[in-house]
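Residue-level structure breakdown
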Amino acid sequence: MPRYGMVIDLNKCNQCEACVTACKLENNVQIVSKENAEMGRVMQWMKMLTTNHEGNYPEIRPVSLPVFCVQCDDPPCIKVCPVRATYKRDDGIVAQIYPQCIGCRYCMANCPYTVKVFNWYKDEQPVEYEKCYNTDVSVRPKGIVEKCTFCIHRLQKAKEKSKAEHRKMQEEDYVTACTEVCPAHAIHFGDLDDPNSHVSKLMNDYRKFTLQEELGTEPKVYYLSEKSQ
Amino acid sequence: MLSKIKSIFGKNILIQTVLLSFLWMLASGMTLLLINLVQVSYEVNDHQSASIAISILGIIVFWILAGILTYVLVGLYKGRKKESNK
Amino acid sequence: MNNQNFVDEDETLFRPIYHTGKGFYAFAAALAAIVLFGIFMYIRQLIFGLGVTGMNEPVSWGFYIISFVFFIGISHAGTLISAILRLSKAEWRRPITRMAEVITGIVLLIGGLHPIIDLGRPDRILHIFERGRLQSPLLWDVTSITAYFTASTIYLYLPLIPDIALLRDRGGRFHKIYEILSWGYEGTEKQKHVLERAINILMVMVIPIAVSVHTVISWIFSMTLQPGWHSTIFGPYFVVGAIYSGIAALIIVMIAFRKAYHLQDYLKEIHFRYLGTLLLVMSLLWFYFTFAEYLTTFYGHEPPEMRVFLYKFVGNYSFFFWLMVVCNFIIPVVFLSNKKLKTIGGILFTSIAVVLGMWLERLIIIVPSMANPRLPYPTGIYVPSLTEISLLLAATAAFVLGFMGFSKLFPLVSIWEIKEGREQSVKTVSERLHEYLPSKGHIRNEIV
């Protein structure tokens, strides 16, 4: 069974946030109103988190890294969900079942990376945004939790396509939106268990680290960085 | 026949039995619910031991409570003074 | 049947059931208005979504969960007073047990509703029963609260049966209901024996169920990985806090109804003094647990924990934190250890401070840990909205209303236990004393 993971090269990342935008468009993530944004309810499955600042005044630069669901192998969120609306698939992706979620937000309380997002309101989306909804992805109603799913709809499409073409699924068939769009090619996605995939090869890089690995959540998103974050 | 039962047990026996049966329904309901949840946990292979442990505890507590109340209410009936028209 | 012909020794205890003043109706109407407003705000929340509250990311739990823990905590009043005092055969519990048990029943209903109010999709609540996961602390919560509610309702009902029988014999408005509910109780020896036995079994059973309820609620927090929550002390800490807030709420309710129904003969100063001592003991226990918790955190000095710690001690929440310490520790110790200040007025003031302080404690536990996530996100801000405040007020109003409703149907002080105390306790207690004390030497018979 494949085990999907991601490696992000922070030395290439220029913090342009193209990945953040692509994720939002790909997954029909709601655009919230100005009042809600000011209250702290911006819905971003992928966030650019500023961990540090470098340089001396006045040339100060923030040091950020993209943070999103790190698809733990031992996810704390699935342990506490009372209705099994979030669960771990055999291929390692931690998925959300939107019709099952009752909106208790316990998984949000338990995620140590704070990457789960809640639909507080059902805001009116701008007409232009509604016109370019991704038809492969459902639009979530209010009152449920959502998060990054490694663009699992693309996995389903890739599987169906390769089945229709009577061939095995290749690495290039399934890439997430953020991987596809990154202009610096900093994001790499693939099967961590496949020794030939290029994410597995990147796993040998000495710069590798994960977020909060001392918690034992076994995240599958690795970062590469020369400097300490 | 109803009036005969009423005259033996007292005129409110029907309503009182219905009220007591609520507790039995609660206990059975909780039992069925918890067993259902154990079954679901087996289906999805999700920590069956925890499900079973909590279910057993829950089921025992509810049946003991139902038992206590039944014991009291039956005991109260039996302990009445012998009156023919009460 | 004309009930004015009965003049019982304990007529004061029967009076609220038969006489209702205008003040009662006015007050009840005001409370009902608050409850209705709360329901209206909740319907608004159902239509517009949880966005009408002040919750956001990262603070995704707010007033509703705070009130949930708070109300379930107050429910421990019933267990402590009723079960433990009965178990320890303390005679001064007699006028108090009924009110304590009623508090438990009403408050469990109100508290149990709050998680449903907090849900984003309450229309999907049946998912918990169809496809729930018993591995989740929320489900343990559902089971234990239901068990506790059932047990405490039965535990309220069983000692109520002899009083219902007394009411049935007097006739009056609800004669039919009393007849049905009294189950033919006539005070025969056999019936008394059955009732006593069942109450004895239940009072032992109810204590572990009650302890489990608040422990399980604390485990909702301590089973997570959040800084400030993932602590082993939470189980006992919450139980102690619950009993503490329960006694305080009980005192407030007792003083209020003592004034309203002229129960000064039954709820004497000595009862409040004893309860005040209990409150002081619980205050010291609470302080011990709190001190242990924060000292351990501070000494370990882990960065995510310290972020939460400093937020509570010197940061944005320092006002609430130190107010909580004043309300929960300083005021009780000052007022309750000083004979001059330990009057009924002083005890009432202390109890109100404790109730406020314990609500603040729940706020302090829940919001700072959520506002200071492990990763270096900016600190969250939580401002409660009108919806949440009005639902808190509505819940409190519903509690008082429920209590007032109960007092119109059943006596608030356990009449048969008072009569039993008057007639038999002196003999029972002196017999017990004879058992404890050495048989040589002269035990004074003036007690008998």
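Sequence positions are assigned chain by chain, starting from 1 and proceeding in written order. Starting at A for chains and at 1 for ligands, labels are handed out in the order in which the entities are written. Whole-chain, interface and lining totals are the exception, using all residues; otherwise, since this is a predicted model, local features are given only for residues with pLDDT of at least 70 and side-chain atom pairs are given and counted only at 80 or more.

1. Brief notes about the overall build of chain B
- Along its length, chain B carries 3 helices and 0 strands.
- Walking chain B from its N terminus toward its C terminus, one meets helices and strands in the order α-α-α.
- Across the 86 residues in chain B, those meeting the buried criterion constitute 23%.
- In this description, any two residues whose backbone-derived C-beta atoms lie within 7 Å of each other are considered to be in contact. Excluding contacts between residues fewer than 6 apart, the proportion of contacts in chain B whose partners are at least 24 apart in sequence is 58%. The numbering of helices and of strands both runs from the N terminus, where a helix is a DSSP run of H or I of at least 4 residues and a strand a run of E of at least 2. Exposure classes come from backbone-placed C-beta atoms, where a residue is buried if 20 or more other C-beta atoms lie within 10 Å of its own, exposed if 12 or fewer do, and partly exposed in between.

2. Overview of the overall build of chain A
- Secondary structure summary: chain A contains 8 helices and 10 strands in total.
- Considered along the principal axes of its C-alpha atoms, chain A spans approximately 60 × 45 × 35 Å.
- Look at the contacts in chain A between residues 6 or more apart in sequence, and 61% of them connect residues 24 or more apart.

3. Comments concerning the interface of chain A and chain C
- The interface of chain A with chain C comprises 37 residues on the first partner and 36 residues on the second.
- Listing elements by their share of the side of chain A that touches chain C, those giving two or more residues are α2 (34–39), β2 (47–54), α3 (76–80), α4 (106–110) and β6 (117–118) of chain A.
- Take the side of chain A that touches chain C: its biggest share by element is 4 residues, from α4(A).
- Partitioning the side of chain A that touches chain C into residue classes produces 22 nonpolar, 9 polar and 6 charged. Gly is put with the polar residues, along with every residue not named as nonpolar or charged; the nonpolar set is Ala, Val, Leu, Ile, Met, Phe, Trp, Tyr, Cys and Pro, and the charged set is Asp, Glu, Lys and Arg.

4. Regarding the sheet that holds strand β1 (residues 4–9) of chain A
All names here are of chain A.
- DSSP bridges decide pairing: two strands pair if at least two such bridges lie between them. Read from one edge to the other, the open sheet built from 4 strands follows the order β8-β1-β10-β9, with strand pairing classed as mixed. Strand pairing shows two members of the sheet lacking a second neighbour, β8 (187–191) and β9 (208–209), which therefore form its edges.
- Sheet topology note: the β1/β8 ladder contains 5 bridges and is antiparallel. Bridge pairing in β8 links Val 7 to His 188.

5. Structural notes on the nonpolar core
- Linking buried Ala, Val, Leu, Ile, Met, Phe, Trp, Tyr and Cys residues through C-beta atoms within 7 Å yields a set, and such a set is a nonpolar core. Of all hydrophobic cores here, the largest spans 210 residues; its most connected members are C:Ile103, C:Leu158, C:Leu202, C:Ile247 and C:Leu250.
- Broken down by element, this core gets its largest block of residues, 16 residues, from helix α11 (residues 234–261) of chain C.
- In contact with C:Leu202, not counting residues within four places along its chain, are B:Ile68, C:Ala151, C:Ile154, C:Tyr155 and C:Leu158.

6. A short note on helix α4 (residues 76–87) of chain C
Residue and element names in this part refer to chain C.
- What a helix should span is 1.5 Å times the count of its residues minus one. Under the 1.5 Å per step criterion, the end-to-end length of α4 is 16 Å for 12 residues, consistent within 8% with the ideal 16 Å.
- Burial of α4 is extensive: 10 of the 12 residues sit out of reach of the surface.
- Considered for burial, the residues of α4 that qualify are His 76, Ala 77, Gly 78, Thr 79, Leu 80, Ile 81, Ser 82, Ala 83, Leu 85 and Arg 86.
- One or two steps after α4, the chain reaches Lys 89, where phi turns positive at roughly 55 degrees.

7. Some remarks on the confidence of the model for chain B
Residues and elements named next belong to chain B.
- For chain B, the mean per-residue pLDDT works out to 82, and 83% of the residues sit at or above 70.
- Each residue carries a pLDDT score, the predictor's own confidence in it, on a scale running from 0 to 100. Within chain B, the lowest mean pLDDT, 66, falls on helix α1 (residues 2–9), and the highest, 89, falls on helix α3 (residues 48–78).
- ipTM for the predicted complex: 0.89, alongside a pTM of 0.91.

8. Brief notes about the interface of chain B and chain C
- Each side of the interface is counted separately: chain B has 33 residues, and chain C has 30 residues.
- Those elements that provide at least two residues to the side of chain B that touches chain C are α2 (13–43) and α3 of chain B.
- By residue number, the principal contributor to the side of chain B that touches chain C is α3(B), which donates 18 residues.

9. With respect to the pairing of β1(A)
Residue and element names in this part refer to chain A.
- Counting buried positions over the 6 residues of β1 gives 5, a clear majority of the element.
- As judged from the 4 bridges shared by β1 and strand β10 (residues 221–224), these two strands associate in the parallel manner. Each residue of the ladder has a partner; that of Met 6, found in β10, is Val 221.

10. Here we look at the pairing of strand β3 (residues 61–67) of chain A
- Where β2(A) and β3(A) come together, 7 bridges link them in antiparallel fashion. Bridge assignment links A:Leu49 to a residue of β3(A), and that residue is A:Leu65.

11. What about unusual backbone geometry?
Residues and elements named next belong to chain A.
- Going from Tyr 57 to Pro 58, the amide bond is cis rather than trans, its omega being 0 degrees.
- Turning to its location among the elements, Pro 58 is positioned in the loop between β2 and β3.
- Phi is positive for His 185, which is not a glycine, with a value near 50 degrees.
- On the secondary structure map, His 185 appears in the loop between α7 (177–181) and β8.

12. Looking at helix α5 (residues 97–118) of chain C
- Between its terminal C-alpha atoms α5(C) stretches 32 Å, which fits the 32 Å expected from 22 residues at 1.5 Å a residue.
- Taken across its 22 residues, α5(C) has 17 buried, putting it largely inside the fold.

13. Details of the packing of helix α3 (residues 63–74) of chain C against α5(C)
All names here are of chain C.
- In this description, a line fitted to the C-alpha atoms serves as the axis of each element, helices being fitted only across the stretch in contact, and the angle between N-to-C directions of two axes falls anywhere from 0 to 180 degrees. As a packed pair, α3 and α5 sit with axes 8 Å apart at the nearest point and diverge in direction by 160 degrees. With respect to their mutual orientation, α3 and α5 come out roughly antiparallel. In the packing of α3 onto α5, the handedness of the crossing is left-handed. Contacts between α3 and α5 involve Tyr 64, Ile 65, Ser 67, Phe 68, Phe 71, Ile 72 and Ile 74 from the former and Ile 103, Val 107, Leu 108, Ile 110, Gly 111, His 114, Pro 115, Ile 117 and Asp 118 from the latter.
- The class makeup of the residues in the contact of α3 with α5 is 12 nonpolar, 3 polar and 1 charged. Throughout this description, any angle smaller than 35 degrees is read as roughly parallel, any larger than 145 degrees as roughly antiparallel, any in the 65 to 115 degree range as roughly perpendicular, and the remainder as oblique. For any pair of crossing helices, the crossing counts as left-handed if the nearer helix is rotated counterclockwise from the farther one by less than a right angle, and right-handed if it is rotated clockwise.

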